[in-house]
Amino acid sequence: MGHIVLGILFLLVALLAVVSVVRQLKYKNILALLFSGLTAVVFGFFSIATIISEIIG
């Protein structure tokens, strides 16, 4: 049960990073856009992998 909570928290962080990507596109801040995009990809991958791992068993 604890791992599913971790997966959901990772998913929330990934969603916040996606919001940050959209905001940084508006401000045209390339370095922040790079870090936000990297954060969204990494946390998104680990959240989906964790949730799938818990569902499958």
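Look up a bit, the structure's there.
Model, not experiment: these values are computed from the prediction.

1. Considerations on the packing of aromatic side chains
Step number 1: In this structure the tally under the stated criterion is two aromatic pairs.
Step number 2: Ring centres of Phe45 and Phe46 lie 5.3 Å apart, and the angle between their planes is 70 degrees; on these two criteria the pair is classed as edge-to-face.
Step number 3: Classification of Phe45 as exposed rests on a relative accessible area of 54%.

2. Some remarks on unusual backbone geometry
Backbone geometry follows two general trends: most residues other than glycine have a negative phi, and most peptide bonds adopt the trans configuration.
Step number 1: Of note in the backbone geometry, Lys28 takes a positive phi value of approximately 60 degrees without being a glycine.
Step number 2: Looking at the element boundaries, Lys28 is found in the loop between α1 (2-27) and α2 (30-56).

3. Quick word on a nonpolar patch on the surface
Step number 1: Residues Met1, Val5, Ile8, Leu9, Leu11, Leu12 and Leu15 make up a contiguous nonpolar surface patch of about 690 Å² in total accessible area.
Step number 2: Of note, Ile8 is situated in helix α1.
Step number 3: What makes Ile8 partly exposed here is its relative accessible area of 44%.

4. Looking at α2
Step number 1: For α2, with 27 residues, the first-to-last C-alpha span of 39 Å sits near the 39 Å given by 1.5 Å per residue.
Step number 2: Of all the positions in α2, only Ser36, Ala40, Gly44, Ser47 and Thr50 are classed as buried.
Step number 3: Against α1 lie the buried residues of α2.
Step number 4: Within two residues after α2, Gly57 carries a phi angle of roughly 130 degrees, on the positive side.

Reading guide: rules and limits
Residues numbered from 1 in each chain as written. Predicted model: local features only at pLDDT ≥ 70, side-chain atom pairs only at ≥ 80, totals over all residues. Heavy atoms only, no water. Phe/Tyr/Trp six-rings, centres within 6.5 Å; stacked < 30°, edge-to-face > 60°. Buried < 20%, exposed > 50% of the residue type's maximum accessible area, 1.4 Å probe, protein only. Helix = DSSP H or I, 4+ residues; strand = E, 2+ residues; numbered from the N terminus. Patch = residues over 30% accessible without salt bridge, like charges linked within 9 Å, V, L, I, M, F, W, Y side chains within 5 Å. Areas by Shrake-Rupley, 256 points an atom, 1.4 Å probe, with all protein chains shown as cover. Salt bridge = Lys/Arg side-chain N within 4 Å of Asp/Glu carboxyl O. Expected span 1.5 Å × (residues − 1). Contact = heavy atoms within 4.5 Å.

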